[in-house]
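Analysis of the macromolecular model
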Amino acid sequence: MLRALTLAAALTVASVGAALAASDAEHPHDHAFSFDSPVGSYDMGAVQRGYQVYQQVCASCHSMDHLSYRHLGERNGPFALYMVRNHETGELEPHVGAPAHGGTFVDVTENQYVRAIAAGVTINAVDPNTGQLTDRPGRISDRFRRPFPNEIAARASNGGAYPVDLSVITSARHGGADYIYALLTGYTGESRGALYENPYFPGHYIAMPPPLAEGVVPYEDGSPTTVEQYAADVTHFLQWAADPHMEQRKRTGIVVLTFLLVLAGLMYLAYKQVWRNESH
Ligand code: HEC
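So, a few notes on the structure that sits alongside this text. Just so we're clear, the structure is a prediction, and the values are computed from it rather than from any experiment. (Residues numbered from 1 in each chain as written. Predicted model: local features only at pLDDT ≥ 70, side-chain atom pairs only at ≥ 80, totals over all residues. Heavy atoms only, no water.)

A look at the overall build of the chain
Heads up, the condition is: Working definition: helices are DSSP H or I runs of at least four residues, strands are E runs of at least two. Numbering for both runs from the N terminus. Between the two quantities, the radius of gyration covers C-alpha atoms and the globule rule is 2.2 Å times the number of residues to the power 0.38. Only protein chains enter the accessibility calculation, which uses a 1.4 Å probe; a residue whose area is less than 20% of its type maximum is buried, one above 50% is exposed, and one in between is partly exposed.
Scanning the chain from N- to C-terminus turns up eight helices and eight strands. Relative to the globule expectation of 19 Å for 280 residues, the C-alpha radius of gyration of the chain, 25 Å, shows a markedly less compact shape. Taken along its principal axes, the extent of the C-alpha atoms in the chain is 85 × 70 × 45 Å. For the chain, buried positions account for 33% of its 280 residues.

This is the structure we're talking about:
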């Protein structure tokens, strides 16, 4: 019995060692994101810019099947619309993103920004009258447009490699957001045929050509248009996409912990009270 256990333990250690050795990728360094700490939150400006980078660059190869355009305009979305009263004029004004105080949330069906984003995308879908596949402008209820109809077509266009769906990529990869940021900024500039050197990718060569270059996406808010900024923004967007309810979850966690602390204090006092005249 003991011998069998020892053998099993040795085998486990050996296989874990082998698994670690097999992944020769460089460990991503910590990038400071606003959502990192237990009380951290999303920087919605970064999520908005990150959507723009996804849409203008990554969406030509990567799908995001779990997202619909309407998600962008829900309460926790980057393009959530609020009506806020201007204190000087007394007028109600539209405000994209949750305002610091007050404001009335506008239902996503009435959100002209998200409607415009969806309408700007061409969706190939079944026409309900003819049954034929036809192109039409997107609606907010549509899923994010897929660049390829299926995996075979995606691989055929990418030298046999598959551009994975990015809906939950920050949860699906060891290192999460830090890994994505390191990967996007980690190209060395060397390539071998259609493979590009990137020390953060297992095996050091990736079939994805460096997707970002300085200035490829114009920003309207004056943020720098550098590879580092694009990479940080699109990673911020992908983290939001994978975990849109993070802020609410963290808030609930804090409330629950506070409650448990208070409860622990009360239980201690009750215990003292119950045993006050007993020697034990
Ligand atoms: C020209 C097509 C193309 C574009 C544009 C592109 N990718 Fe990729 N991407 C690929 C391919 C192909 C792979 C698979 C690479 C492989 O398996 O070697 C990939 C892989 C990935 C991976 C997965 C790496 C892993 O660990 O498996 C991530 C993350 C990624 N891309 C993010 C992005 C982001 C973010 C953008 C936009 C800034 C982007 N990609 C733009 C083609 C593309």
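From this point, the narrative continues.
Some points on the pairing of strand β1 (residues 81-85)
Going by this rule: Paired strands, in this sense, are two strands between which DSSP finds at least two bridges.
Where β1 lies against strand β2 (residues 92-96), five bridges are found, and the strand directions are antiparallel. Bridge pairing in β2 places Leu81 opposite Val96. Hairpin connection from β1 to β2: six residues lie between these consecutive antiparallel strands, with Gly90 at a positive phi of about 75°. Here three bridges tie β1 to strand β3 (residues 104-106), and the two strands are oriented antiparallel to one another. By the bridge assignment, Leu81 is partnered in β3 with Val106.

Details of the site of the ligand
Stated precisely, the cut-off is as follows: The rule for a residue being near a molecule or strand is that one of its heavy atoms must lie within 4 Å of it. We define a polar contact as two N or O atoms separated by no more than 3.5 Å, with the added condition that, inside protein, one atom must be a possible hydrogen donor and the other a possible acceptor, whereas residues neighbouring each other in sequence contribute only through side-chain atom pairs.
Around the ligand, a shell composed of 22 residues is seen, among which Cys58, Cys61, His62, Tyr179 and Met208 lie nearest. At 2.8 Å from a nitrogen atom of the ligand is found a side-chain nitrogen or oxygen belonging to His62. Between the ligand and Tyr179 there is a distance of 2.5 Å, counted from an oxygen atom to a side-chain nitrogen or oxygen.

Side note on helix α7 (residues 227-242)
Note the cut-off: To estimate how far a helix should reach, multiply one less than its number of residues by 1.5 Å.
In this model, α7 (16 residues) spans 22 Å end to end at C-alpha, consistent with the 22 Å of a helix rising 1.5 Å per residue. Most of α7 sits inside the fold, with 15 of its 16 residues counted as buried.

With respect to the packing of aromatic side chains
Put simply, the rule is: Here a pair means two rings of Phe, Tyr or Trp (six-membered ring of Trp) with centres within 6.5 Å. Their orientation is stacked below 30 degrees between planes, edge-to-face above 60, and tilted elsewhere.
Scanning the model with the defined rule gives 13 aromatic pairs in all. Here the aromatic rings of Tyr51 and Phe144 are separated by 5.9 Å at their centres, their planes lie at 65°, and the arrangement is edge-to-face. Of this pair, Tyr51 sits in helix α2 (residues 44-56) while Phe144 sits in the loop between β5 (133-137) and α4 (151-157), and the two are 93 residues apart along the sequence. Judged by relative accessible area, Tyr51 falls into the buried class, the value being 5%. For Phe144, a relative accessible area of 2% puts it in the buried group.

Things to note about the side chain of Ser63
For the record, the criterion: Any two residues whose heavy atoms approach within 4.5 Å are treated as being in contact.
Checked against the element boundaries, Ser63 lands in the loop between α2 and β1. Residue class for Ser63 comes out buried when judged on its relative accessible area of 9%. Not counting residues up to four positions away in its chain, the partners in contact with Ser63 are Tyr54, Arg146, Pro147, Val164, Asp165, Leu166 and Ser167.

Points about the sheet that holds strand β7 (residues 195-197)
Judged by pairing direction, the sheet is antiparallel, and its three strands sit side by side in the order β6-β7-β8 without closing on themselves. In the strand order of this sheet, the two ends are held by β6 (191-192) and β8 (205-206), each with one partner. Relative to β8, β7 runs antiparallel, the two being bridged by two bridges. Bridge pairing in β8 links Glu197 to Tyr205.

A look at helix α3 (residues 112-119)
Quick reminder of the rule: The reported arc concerns the directions from the helix axis to the C-beta atoms and nothing else.
Within α3, the full set of buried residues consists of Val114, Ile117 and Ala118. Along α3, the residues classed as buried sweep out an arc of 95° about the axis, all on the same side. At its buried positions, α3 is contacted by α2. The opening residue of α3, the one whose side-chain oxygen lies 3.0 Å from the backbone nitrogen of Tyr113, is Asn111.

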